[in-house]
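Residue-level structure breakdown
If you want the building blocks of each chain, they are given just below.
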Amino acid sequence: MARQGTLSIHSENIFPIIKKWLYSDHDIFTREVISNGCDAILKFKKLCDLGEATDTVNEDFKVTVTLNKSKKTLVFSDNGIGMTEEEIEKYITQIAFSGAEEFLEKYKDKMSDDQIIGHFGLGFYSVFMVAKEVEIDTVSYQTGKAVKWTCDGGTTYEISEGQRPSRGTSITLFINEDSETFLDYYTLKDVIEKYCSFMPVPIYVIDEEAEAKKAEEYKKALEEHKEGEDAPIAPAAPAPINDVQPLYTKQPAECTDEDYKNFYRSTFHDFNEPLFWIHLNMDYPFRLKGILYFPKLANQYETVEGRIKLYNNQVFVAENIKEVIPEFLLLLKGIIDCPDLPLNVSRSFLQNDGYVTKISDYITKKVADKLISLSKKEPDNYQKFWDDISPFIKYGCLKETKFNEKMKDYILLKTTEDTYLTLKDYLEKVAETSKDKVFYITDQDQQSQYIKLFKDNGLLAVYLEHPIDSPFISLLERENSGVKFTRIDSDISSALKGEATDKSEEENLGKLFKETLSNDKLKVSIENLKSEGIASMLLISEESRRMQEMMKMYNMQGMNLGMPDEEVTLVLNQNHPLIDALMHKDLTDDKKALLCHQLYDLAQLANHTLSPDAMHDFLDRSNKILGMMIQ
Ligand code: ADP
Ligand code: MG
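A brief report on the enclosed structure follows. The structure displayed is predicted, hence computed values, not measured ones.

Some remarks on the side chain of Lys 148
Secondary-structure assignment places Lys 148 in strand β4 (residues 146–151). Side chain to side chain, Lys 148 and Gln 163 meet in a polar contact 3.4 Å long. When near neighbours in sequence (up to four residues on either side) are disregarded, Lys 148 contacts Glu 135, Ile 136, Asp 137, Glu 158, Ile 159, Ser 160, Glu 161, Gly 162 and Gln 163.

Topic: the packing of aromatic side chains
Given two aromatic rings, one states the distance between the centres and the angle between the planes to describe the pair. Applying the stated criterion to the full structure yields 31 aromatic pairs. By the ring-pair criterion, three or more aromatic residues cluster together here, those being Tyr 195, Phe 198, Tyr 248, Phe 263, Tyr 311 and Phe 316. Its guanidinium or amino end placed over the ring of Tyr 463, Lys 414 lies 5.7 Å from that ring's centre, counting from NZ or CZ.

Quick look at the pairing of strand β11 (residues 315–319)
Where burial is concerned, most of β11 is hidden: 4 out of the 5 residues are buried. Hairpin connection between strand β10 (residues 307–312) and β11: a loop of 2 residues separates the two successive antiparallel strands, and Asn 313 in this loop has a positive phi of roughly 55°.

A look at the sheet that holds β11
Pairing is mixed in the open sheet, where 5 strands are placed in the order β8-β9-β12-β10-β11. Each edge of the open sheet is held by one strand with a lone partner, namely β8 (276–282) and β11. With strand direction ignored, the average angle separating the axes of adjacent strands in the sheet is 15°.

Overview of helix α18 (residues 589–605)
The first and last C-alpha atoms of α18 sit 24 Å apart over 17 residues, in line with the 24 Å expected at 1.5 Å per residue. Within the span of α18, buried status applies to Leu 594, Leu 595, Cys 596, Gln 598, Leu 599, Tyr 600, Asp 601, Ala 603 and Gln 604. Buried residues along α18 sit in contact with α15 (503–516), β19 (536–540), β20 (568–573), α17 (577–584) and α19 (612–629).

Topic: the environment of Phe 294
Position of Phe 294 among the secondary structure elements: in strand β9 (residues 288–294). Expressed as a C-alpha distance, the spacing of Phe 294 and Ile 389, which sit 95 residues apart in the sequence, is 7.1 Å. Apart from the residues lying within four places of it in its own chain, the contact partners of Phe 294 are Pro 274, Leu 275, Phe 276, Ile 278, Leu 332, Val 367, Leu 371, Ile 389 and Phe 392.

Conventions adopted
Residue indices begin from 1 for each chain and proceed along its sequence in written order. Labels follow written order: the first chain is A, the first ligand is 1, and so on. Two thresholds apply to this predicted model, a pLDDT of at least 70 for residue-level local features and 80 or more for giving and counting side-chain atom pairs, whereas whole-chain, interface and lining totals are computed over all residues. Working from all heavy atoms in the structure, the side-chain values ignore hydrogens and water. Think of it this way: any DSSP run of H or I at least four residues long counts as a helix, any run of E at least two long counts as a strand, and we number them from the N terminus. Polar contact is the term for a pair of N or O atoms within 3.5 Å; when the atoms are in protein, one must be able to donate a hydrogen and the other to accept it, and sequence-neighboring residues count only if both atoms are side-chain atoms. In this description, contact between two residues means that some pair of their heavy atoms is separated by no more than 4.5 Å. Between the rings of Phe, Tyr and Trp (Trp by its six-membered ring), a pair exists once the centres lie within 6.5 Å; its type follows the angle of the planes, with under 30 degrees stacked, over 60 edge-to-face, and the other angles tilted. The rule is short: NZ of Lys or CZ of Arg within 6 Å of the ring centre and within 35 degrees of the ring normal puts a charge over the ring. Each residue is assigned to one of three classes by its accessible area relative to the maximum for its type, calculated with a 1.4 Å probe on protein chains only: buried under 20%, partly exposed between the two thresholds, exposed over 50%. Here, any two strands with at least 2 DSSP bridges between them count as paired. Every axis corresponds to a line fitted to the C-alpha atoms, with the helix fit spanning only the stretch in contact, and the corresponding angles, defined between N-to-C directions, vary from 0 to 180 degrees. For a helix, the expected span equals 1.5 Å multiplied by the residue count minus one.

In short, the description is geometric, and any link to function would need to be established separately.
Written out as structure tokens, the structure is:
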């Protein structure tokens, strides 16, 4: 016979788990307690509006966190709704029984916008991660009677008469030894700023002893103050640490550029101005508010490190959550507030949640729309911003097909004429000289010789210098079949060459270089280059170079996979007097060898540095050549 039973969970078993494992970040208790205080105030205000309670004194609603290092206590105090003895029994002593949920249920028809935070993980009990004892002293708006609840983190508690003189709740945490870092004023303030910067009720963080000391000093100064001297300055009244109506909660039409810039500065402590921003504001089919900023890069090689802070109803949840925010958007800086997000569940749940996918798609679409409208309405700005925003856009195109679909006609190429062209416009422009071919530069310093050659001949190339450009080029080639990207040092555009050269001369000269340099594999080609300033240069085959780069990326260097080395061709310009001399003058073998070595090294030097040995030979040889001048 089968038998059924009920699993019983005892608080003795569950408490140690809560304390140790509930959250890896113990600082989260501040968020839980302060959000409860805010809720208590919002509930009270709501009841006043509904005429179910009266706010006779028209008081300042606020949550105050008071630190006392000597007593090792933190007191969280609010002038909200308070609790009756029954409510304490019900909401505090029965774990996971949410008063916020009940309140919302009861007033759901009367609430315009449910601002109540509530339901954040395990809530109140997170205090036992940092406190060895907790005391609640509370006065409910209903009874006006002070009730005190104490619990030492075990499974029993005590309820007695409290001392609180007025409506609201004070929660005192006696901080345990492991958690004394929270008794440092600046640590505490940092933590509270992290979680509570945008909470809807003013929050004060006060160091009781420091304030008392300041007051004492002021009092003394007043007593000692003599007629005719400057009056002592009274200590400044503490200011709230939060912004109860952060910019992103406002309507875009109400916000000025200056507002956006200030908000960026104060939120991200970045004193570079953002390039531009997107204000997200939607109610349907889900609620989402936020501002995404495009940061300015310090230089083109900087790896962009963004920060997207995720909020739930003005309560900070976490930063850079990949499951909600498309990965490429993590390069931006911004705030996203999503009140409907199920945040008390695990990240793996978020990954598979259809709702989360919708949010992520929405944000992606908004970002693409903004970029497209910028490119259409303010093309000058779009071009001006291009260098800064292109790594982000390219990364987005590589990561998100939908984003790529939208953006692909708005990708720009920066040319050697300092213009920005779309691929289509670029190809039209070079149709005569190099059809379907894009010559690109990955390193202006290394490739300067080639760039000069191109410019001298009135040819165009584009700058693709960011690490993201290498995979991005592959994407462009896949999408535009027939179009070939070729690095500027890998091929000689036909436009750079004159008439075809004599093949038999090429063979002779090739033989000479191979023998002199004892390099059988060296490829030599003689070209009729229009530029007279260049005697020799190296070309590195595009395919073999890409293969090498790929191997480097996957860390496969040194593995013998039968991959070819970079395929290098030594190009000699027959229009140059030195090459002409090698071909037609009757030089001694010594001089011929000297010329071959030197021309080869010079071609290499225009491309990369020499190995120590080769460099030593090169310098030796150079001095020898100079020596010939004074003979
Ligand atoms: P939740 O906030 O999700 O409801 P908590 O564990 O954080 O869960 O809190 C449980 C309940 O205790 C709250 O819903 C509320 O009814 C009550 N409570 C906690 N803190 C306060 C407070 N400062 N003032 C009034 N009631 C409070
Ligand atoms: Mg709560």
